[in-house]
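Residue strings, one per chain:
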Amino acid sequence: MDNQVPPRKVPNFCSIRYGIALLLLLCNVIVMSQRVCMSLTMIAMVNSTEPHGLSNTSTKEPQDNIKNPVYNWSTEIQGIMLSSIFYGLLISQIPAGYLSGIYSLKKMVGSALFLSSLFTLLIPLAAEFGEALVIICRVIQGLFQGMALTTQQVVWIKWAPPLEQVRLTSLSLSGLLLGPCVVLLITGFICDSLGWPMVFYIFGACGCALSLLWFVLFYEDPKDHPCISKSEKECITSTLAQQVSSSAPSLPIKAVLKSPPLWVISLCNFAFFWANSFLSLYTPMFINSKFHINVKENGLLSSLPHLFAWIFAILAGHMADVFLSRNILSLLTIRKLFTLLGLLLPALFSLCLLYLSSSFHGTMIFLILANATGSFCMGGILINVLDIAPRYYGFLKGFTNVIGLTGGLVASTVTGVILSQDQDSPWLKIFFMMVANNVISLIFYLIFAKAEIQDWAKETQNTYL
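Residues numbered from 1 in each chain as written. Predicted model: local features only at pLDDT ≥ 70, side-chain atom pairs only at ≥ 80, totals over all residues. Heavy atoms only, no water.

Draft legend 1. View of a nonpolar patch on the surface. Taken together, the side chains of Leu-267, Leu-344, Leu-348, Val-439, Ile-440, Ile-443, Phe-444, Ile-447 and Phe-448 present a nonpolar region at the surface, about 740 Å² in accessible area. Contributions of two or more residues to the nonpolar patch are made by α13 (331-355) and α17 (426-448). Here the element with the most residues in the nonpolar patch is α17; it accounts for 6 residues. The residue Leu-267 is located in helix α11 (residues 260-291) in this model. (Patch = residues over 30% accessible without salt bridge, like charges linked within 9 Å, V, L, I, M, F, W, Y side chains within 5 Å. Areas by Shrake-Rupley, 256 points an atom, 1.4 Å probe, with all protein chains shown as cover. Salt bridge = Lys/Arg side-chain N within 4 Å of Asp/Glu carboxyl O. Helix = DSSP H or I, 4+ residues; strand = E, 2+ residues; numbered from the N terminus.)

Draft legend 2. How the structure looks around the packing of α11 against helix α14 (residues 360-372). α14 packs onto α11 with a crossing angle of 175° between their chain directions and a minimal axis gap of 12 Å. One way to sum up the angle between α11 and α14 is to call them roughly antiparallel. Across from Leu-279, Thr-283, Phe-286, Ile-287, Lys-290 and Phe-291 in α11, the residues of α14 making contact are Phe-360, Thr-363, Met-364, Leu-367, Ala-370 and Asn-371. Among the residues forming the contact of α11 with α14, the class breakdown is 8 nonpolar, 3 polar and 1 charged. (Axes fitted to C-alpha atoms, helices over the stretch in contact; angles between N-to-C directions. Parallel < 35°, antiparallel > 145°, perpendicular 65-115°, else oblique. Contact = heavy atoms within 4.5 Å. Nonpolar A, V, L, I, M, F, W, Y, C, P; charged D, E, K, R; others polar.)

Draft legend 3. Quick peek at the nonpolar core. Ranked by size, the top nonpolar core spans 138 residues in total, and within it Met-38, Trp-73, Trp-156, Trp-159, Phe-278 and Trp-427 carry the most contacts. Each of domain 1 (14-48 + 69-239) and domain 2 (251-460) accounts for three or more of the residues forming this core. The residues contacting Trp-427, other than those within four sequence positions of it, are Phe-278, Tyr-282, Met-285, Phe-286, Ser-289, Leu-354 and Leu-419. (Core = buried A, V, L, I, M, F, W, Y, C linked by side-chain atoms within 4.5 Å. Buried < 20%, exposed > 50% of the residue type's maximum accessible area, 1.4 Å probe, protein only. Domains from an automatic or database assignment.)

Draft legend 4. Quick peek at the environment of Ile-403. Within the secondary structure layout, Ile-403 lies in helix α16 (residues 393-421). Ile-403 sits 135 residues away from Cys-268 along the chain, and the two C-alpha atoms are 9.2 Å apart. Ignoring anything within four residues of it in the chain, the contact list for Ile-403 reads Trp-263, Ser-266 and Phe-270.

Draft legend 5. Geometry of the packing of aromatic side chains. Enumeration over the complete set of coordinates arrives at 19 aromatic pairs. Each ring, one from Phe-119 and one from Phe-144, has its centre 6.5 Å from the other, and the planes form 25°; the classification is stacked. With Phe-119 in helix α3 (residues 105-128) and Phe-144 in helix α4 (residues 131-152), this residue pair connects regions lying 25 residues apart in the sequence. The two residues Phe-119 and Phe-144 agree in class, both being buried. Pairing Phe-272 with Phe-273 gives two aromatic rings, centres 5.7 Å apart and planes at 90°, and the pair type is edge-to-face. Overall, the relative accessible area of 11% leaves Phe-272 in the buried class. (Phe/Tyr/Trp six-rings, centres within 6.5 Å; stacked < 30°, edge-to-face > 60°.)

Draft legend 6. Representation of helix α2 (residues 75-99). The end-to-end C-alpha distance of α2 is 38 Å, a good match for the 36 Å that 25 residues give at a rise of 1.5 Å each. Remark: the principal bend of α2, roughly 35°, maps to Gln-93, with a proline, Pro-95, within the next four residues. (Expected span 1.5 Å × (residues − 1). Bend = angle between axes of the 7 residues up to and from the residue.)

Draft legend 7. Spotlight on the environment of Cys-191. Residue position: Cys-191 is located in helix α7 (residues 175-193). Considered as a pair, Cys-191 and Asn-68 are 123 residues apart in the sequence and their alpha carbons are 7.9 Å apart. In contact with Cys-191, not counting residues within four places along its chain, are Thr-41, Asn-68, Trp-196 and Val-199.

Draft legend 8. Looking closely at unusual backbone geometry. If you check the backbone angles, Asn-327 has positive phi at about 55° while not being a glycine. Residue Asn-327 is classed as exposed on the basis of its relative accessible area, which comes to 67%.

Draft legend 9. A look at helix α6 (residues 165-173). Counting buried residues along α6, 9 of its 9 residues qualify, which places the element largely inside the surrounding structure. All of the buried residues in α6 are Gln-165, Val-166, Arg-167, Leu-168, Thr-169, Ser-170, Leu-171, Ser-172 and Leu-173.

Rendered as structure tokens:
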């Protein structure tokens, strides 16, 4: 990837490849909306979201039992519900990565989005029958969301010129950060005016509609797209001619498991998903515990960190590609720099949030910065697998995602347990665990990270174990 010929200039935002990036961005917005909306609707769904049964001030107003049914779910059950989606995400990652190299990406992404949306529509009904059915729906949602998130990244193997890979990937993946912003921004208003069940109905219906749009607009290969211009087709196919292998190579399992660069990417994924999942799922509860405001105001405030995270993600992808195309920094230096910023800055701002935020404005500023600066990882660890093993990108991306999502699962579960058991300073312990994860992972990454194709992933490799 280091000695690629720059592609011909083709208008970016008027091109088919950027249209696909925007379509995937919308897909990720919907996926994250379906995943995160429960973190805010939970405040309206239950009698208390505070540890030890403290009164939840956001539900003091009389509730319409039809429009806003209220349930007596403990804090532990709430934590399990929020984290249960990660079980499905974990199970689906490696199978989805493997199948993405065999089956149609159009069918896999479109079907996964549709089925995730279908189970989103079923959650209000499931809640009437008890928490167990809600947890089952969330696990199944996670299965299909994991399939959609893993397989979509393989799209860029055929659609992204090398010097635009980070830009296009970060643009599409930035929907994972914009999604929580959108859902938290409008969920409070929906809960207040239409009732919390409508949140699931609206995001479920939007996902079904978008899946149909995906089936109509997406094509597997630039050569097959009926609307692509000749110049853009040549721009993509000429620069990718050396990269896309016609055969499906066997995976050298032992070499993969002995690869330090892959393991440090996985370790940093664990830390990144831990921080990202905690901040996505528990920001509304943190704000509620600090300021005791109603669900509408909570949603507005909770959306701000995600809005800035989305902006930072797009900037990070653009900056990384500019540094590479202009030979300002080497590829390895770019990956280490953006990973450093994406793991160290959230840790520093989290400490500031704990010790320097005595006012409302200070709390919100540091909460926004802790969330937003994590997006620098878009130009670092989140694309690094493509540098070291492009031939096995789908499978290895699934592998690193499994380890990363394990971090998200552990973070959401442990946070729920700490909130239910610690009366004195639960948020202090939770943030310190996040900081420790980020710093330890970063140290290992700076020592062992690589950005060149590994020997076991090269085209000349003929012997597989």
